[in-house]
Amino acid sequence: MVSVIIPTYNAGQGFIKLLNNLQEQTVKPSEIIVVDSDSRDETVKLARSQNCKVISINCADFDHGTTRNIAVSNINTEFAVFLTQDVVPVDEYMVEELIKPMQADQNIALCYGRQLPRPNARPLESFAREFNYPAESILKTKNDVEALGLKTFFCSNSCSAVRCSIFNKLGGFKNNVIVNEDMLFAAKAILEGYSVYYTADARVYHSHPYSLAQTFRRYFNIGRFFAANKGIFERTGIKKYGGEMLKAGIKAVSYT
């Protein structure tokens, strides 16, 4: 029923914790596919020791959309769950909660889960998780664009699932995008009449120890992404979303 897809690059010894946790889920994956980009550590060895299927690609060929599309082309399950190598499921219900909304509603193309900051996360990382991943679940459709704006299309492949039939019908993720392939697919699905579900009950720990330079580079790339796809997002209040996040961020940091 469910294939789990994890792109990797030098995932480190902590990767085994994620793989072990997946075997403890109430809905166990039919298969785990690791798409590895020339890791120089023990990532591939760890994956194979847990009976994962490993697809190796050149590091230079990696991009977020293409890599995941390659993996989906190698499965035939009803659902595909996407995780990043650095997430840690909070409990054994993560996979179950990711696919439950899609089992109940055939029109849901994508479901993504809640990301919680790690205990040692920096203030801005904690704020970003709280701003983008609230405690309440929500179904998002084309009718919500006016009220929710850009948030209608927001989602994350760090912890998400797609219905493979709809995913393939819509052509999967866009290839050769530097960031936000997940948001771009969500926008395409919603504008085609499908829906996206955010489930606060599928939870993972996920935050980054980014330096100031890394943070700047990430947001610079996000800005490039929106500039390249302004035709899709120009009516969704990008500036309003950015302003709300900035105000909330300043408020959150001022209290730390």
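From a predicted model like this one, the values you see are computed outputs, not experimental measurements.

Things to note about the overall build of the chain
The helix and strand inventory of the chain stands at eleven helices and nine strands. Taking all 256 residues of the chain together, the buried fraction comes to 50%. A separation threshold of at least 6 residues defines the contact pool for the chain, and within that pool the share at least 24 residues apart is 78%. Accessible area of the chain: about 12,600 Å², with a carbon and sulfur share of 52%.

Things to note about the pattern of salt bridges
Summed over all chains, the structure comprises six salt bridges. The closest approach of N and O atoms between E42 and K45, which form a salt bridge, is 3.9 Å. E42 sits in the partly exposed class, given a relative accessible area of 36%.

Details of the packing of aromatic side chains
For the coordinates displayed, the defined rule picks out ten aromatic pairs. Aromatic side chains F82 and F167 sit 6.2 Å apart centroid to centroid with 45 degrees between the ring planes, which places their arrangement in the tilted category. One end of the pair, F82, is in strand β4 (residues 79-83); the other, F167, is in helix α7 (residues 164-169), and 85 residues separate them in sequence. An identical accessibility class is assigned to F82 and F167; each is buried. Centre to centre, the rings of F167 and F185 are 5.1 Å apart; their planes meet at 50 degrees, and the pair counts as tilted. Linking F167 in helix α7 with F185 in helix α8 (residues 181-191), this pair joins segments that are 18 residues apart in sequence. Taken as a pair, F167 and F185 share a single burial class, namely buried. Through successive ring pairs, a cluster of aromatic residues spans F82, F167, F173 and F185.

Here we look at the nonpolar core
In this structure, I5, Y112 and F185 are the most contacted members of the largest nonpolar core, which totals 35 residues. Elements that contribute at least two residues to this core include exactly β2 (31-37), β3 (53-57), α3 (64-72), β4, β6 (108-116), α7, α8 and β9 (195-205). With six residues, α8 is the single largest residue contributor to this core. Membership of the second largest hydrophobic core comes to 29 residues, among which are L18, C111, C159 and A202.

Some details on the environment of F15
Within the secondary structure, F15 sits in helix α1 (residues 15-23). Sequence separation of F15 and A47 is 32 residues, and the distance between their C-alpha atoms is 8.5 Å.

A closer look at the pairing of β3
Where β2 meets β3, five bridges bridge the pair, whose relative direction is parallel. Bridge pairing in β3 places S37 opposite I57.

Re the pairing of β4
Taken residue by residue, a regular strand's side chains alternate between the two faces of the sheet. Within β4, five of the five residues are buried, which leaves the element mostly enclosed by the surrounding structure. Examined bridge by bridge, strand β1 (residues 2-8) and β4 share four bridges and lie parallel to one another. Bridge pairing links V4 to V81 in β4. Note that β4 and strand β8 (residues 159-163) share five bridges and pair antiparallel. Looking at β8, one finds that F82 is bridged to S160.

Quick look at α1
Taken together, the buried positions of α1 are F15, L18, L19, N21 and L22. All buried residues of α1 fall inside an arc of 160 degrees around its axis, so they share one side. Of the surrounding secondary structure, the elements contacted by the buried residues of α1 are β1, β2, α2 (43-49), β4, β5 (88-89) and α4 (94-104).

Remarks on the confidence of the model for the chain
Looking at the chain as a whole, its pLDDT mean stands at 87, while 81% of the residues score no less than 70. In the model, residues 241-256 has pLDDT below 50 throughout and makes 18 contacts with residues more than four positions away in sequence or in other chains.

Definitions and cut-offs
Residues numbered from 1 in each chain as written. Predicted model: local features only at pLDDT ≥ 70, side-chain atom pairs only at ≥ 80, totals over all residues. Heavy atoms only, no water. Helix = DSSP H or I, 4+ residues; strand = E, 2+ residues; numbered from the N terminus. Buried < 20%, exposed > 50% of the residue type's maximum accessible area, 1.4 Å probe, protein only. Contact = heavy atoms within 4.5 Å. Areas by Shrake-Rupley, 256 points an atom, 1.4 Å probe, with all protein chains shown as cover. Salt bridge = Lys/Arg side-chain N within 4 Å of Asp/Glu carboxyl O. Phe/Tyr/Trp six-rings, centres within 6.5 Å; stacked < 30°, edge-to-face > 60°. Core = buried A, V, L, I, M, F, W, Y, C linked by side-chain atoms within 4.5 Å. Pairing = 2+ DSSP bridges. Arc of directions from axis to C-beta. pLDDT = per-residue confidence, 0-100.

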